[in-house]
Amino acid sequence: MAIRLGDIAPDFTAETTEGTIAFHDWKDSSWAVLFSHPADFTPVCTTELGRTASLKEEFDKRNVKAIAISVDPVESHLEWAGDIADVGGTALNFPIIADPSKAVSETYDMIHPGEGDTSTVRSVFIIDPANKVRLTLTYPKSVGRNFDEVVRVIDALQLTDRATVSTPADWQPGERVIVAPALSTVDAKEKFGEVEEVKPYLRWTPQPGV
Ligand code: BEZ
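**So, the pattern of salt bridges**
For the structure shown, the criterion picks out twelve salt bridges. Measuring nitrogen to oxygen at the nearest pair gives 2.8 Å for the salt bridge that ties E58 to R62. Of the residues examined, R62 reaches a relative accessible area of 17% and is grouped as buried. The shortest N-O distance in the salt bridge between D117 and K141 comes to 2.5 Å. One end of the pair, D117, is in the loop between α5 (103-107) and β6 (122-127); the other, K141, is in the loop between β7 (133-139) and α6 (147-162), and 24 residues separate them in sequence. A single salt-bridge network, built from bridges that share partners, covers E58, K61, R62 and D155.

This is the structure we're talking about:
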């Protein structure tokens, strides 16, 4: 069955480039970006994992751990790591799960036979400190993901967890946000100060905490 937003991310134990990992223990109280790629030694995947390695500082600032997965064996991942570093300019600094049995890929519904074969598509699961799945993305094999968007949605999730606001279309950190419907305009003004009511249901306020 597909994993839905709000579900607890299934736990698993798997071999990775950093040894055996029990997912929930490894993740601990961090956020996690669990993302699948179709195959090692392929061009789009090499750029994606290189880009993820280059984002380590941004992920650390946000208490996020990245972990990749494909159905290739760990020896293949380890050999490929050199190419990821060559192409992306940063050494691999997160684990890649080896899932030749497809146990994890099938649990997370990462294999879409209509996309060509029995390897994983480009899935992303953003999982919060309580192990809840907070956001999912699924891209086809031919289209590389936008990792700026992955960082942006983590910022939006963390902001909307700590303040009673929502983020509008195309929001970028620092821009104005929307007062959540649960908050009355009177209460929003008390809480945030400046509130602009464009419609009774659309109230803008500067991003709290900026
Ligand atoms: C790639 O990473 O370039 C790729 C992998 C599998 C299918 C298509 C593209």
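**Observations concerning the pairing of strand β1 (residues 13-16)**
Of the two faces of β1, only the one carrying A14 and T16 is buried; T13 and E15 on the other face are not. Bridge analysis of β1 against strand β2 (residues 19-22) gives four bridges, and the strand direction is antiparallel. Residue pairing in the sheet places T13 in a bridge with A22 of β2. Here β1 hands over to β2 after two residues, the two strands then running antiparallel side by side.

**Overview of the nonpolar core**
Core analysis: the largest hydrophobic core is formed by 24 residues, its most contacted members being V33, F35, L49, F59, F94 and I126. Of all the secondary-structure elements, those providing two or more residues to this core are β3 (31-36), α2 (43-54), β4 (64-70), α4 (74-88), β6 and α6. Top contributing element to this core by residue count: α6, with six residues. What V33 contacts, discounting residues up to four positions off in sequence, is F59, V64, K65, A66, I67, V124, F125, I126, V150 and I154. Within the second largest apolar cluster, 18 residues are counted, among which are A9, A32, Y108 and M110.

**Examining the domain arrangement of the chain**
What the domain assignment reports for the chain is domain 1 (13-147) and domain 2 (163-205). Relative placement of domain 1 and domain 2: their C-alpha centres are 35 Å apart.

**Focus: the site of the ligand**
The full set of residues close to the ligand is P38, T42, P43, V44, C45, R122 and K141. Between an oxygen atom of the ligand and a main-chain N or O atom of P43, the distance comes to 3.4 Å. In this structure, R122 approaches the ligand through a side-chain N or O atom, which is 3.1 Å from an oxygen atom. Surface burial for the ligand is 73%, taken as the share of its 260 Å² of free accessible area covered by protein chains.

**A look at the side chain of T52**
Checked against the element boundaries, T52 lands in helix α2. A relative accessible area of 2% means that T52 is categorised as buried. Leaving out residues up to four positions away in the same chain, T52 has contacts with F35, F59, A66, F94 and F147.

**Section: the sheet that holds β7**
Strand order in the open sheet made by the seven strands is β2-β1-β5-β4-β3-β6-β7, with mixed pairing throughout. In this open sheet, the two edge strands, each paired with only one partner strand, are β2 and β7. When strand polarity is set aside, the average angle formed by the axes of neighbouring strands in this sheet is 30°. Packed onto the sheet, α2 meets β3, β4, β5 (96-98) and β6 and runs at close to 20° relative to β6. Lying on the sheet, α6 is in contact with β3, β4, β6 and β7; it crosses β3 at an angle near 150°.

Thresholds, definitions, all that
Residues numbered from 1 in each chain as written. Predicted model: local features only at pLDDT ≥ 70, side-chain atom pairs only at ≥ 80, totals over all residues. Heavy atoms only, no water. Salt bridge = Lys/Arg side-chain N within 4 Å of Asp/Glu carboxyl O. Buried < 20%, exposed > 50% of the residue type's maximum accessible area, 1.4 Å probe, protein only. Helix = DSSP H or I, 4+ residues; strand = E, 2+ residues; numbered from the N terminus. Pairing = 2+ DSSP bridges. Core = buried A, V, L, I, M, F, W, Y, C linked by side-chain atoms within 4.5 Å. Contact = heavy atoms within 4.5 Å. Domains from an automatic or database assignment. Near = heavy atom within 4 Å. Polar contact = N/O pair within 3.5 Å; in protein donor to acceptor, adjacent residues only side chain to side chain. Areas by Shrake-Rupley, 256 points an atom, 1.4 Å probe, with all protein chains shown as cover. Axes fitted to C-alpha atoms, helices over the stretch in contact; angles between N-to-C directions.

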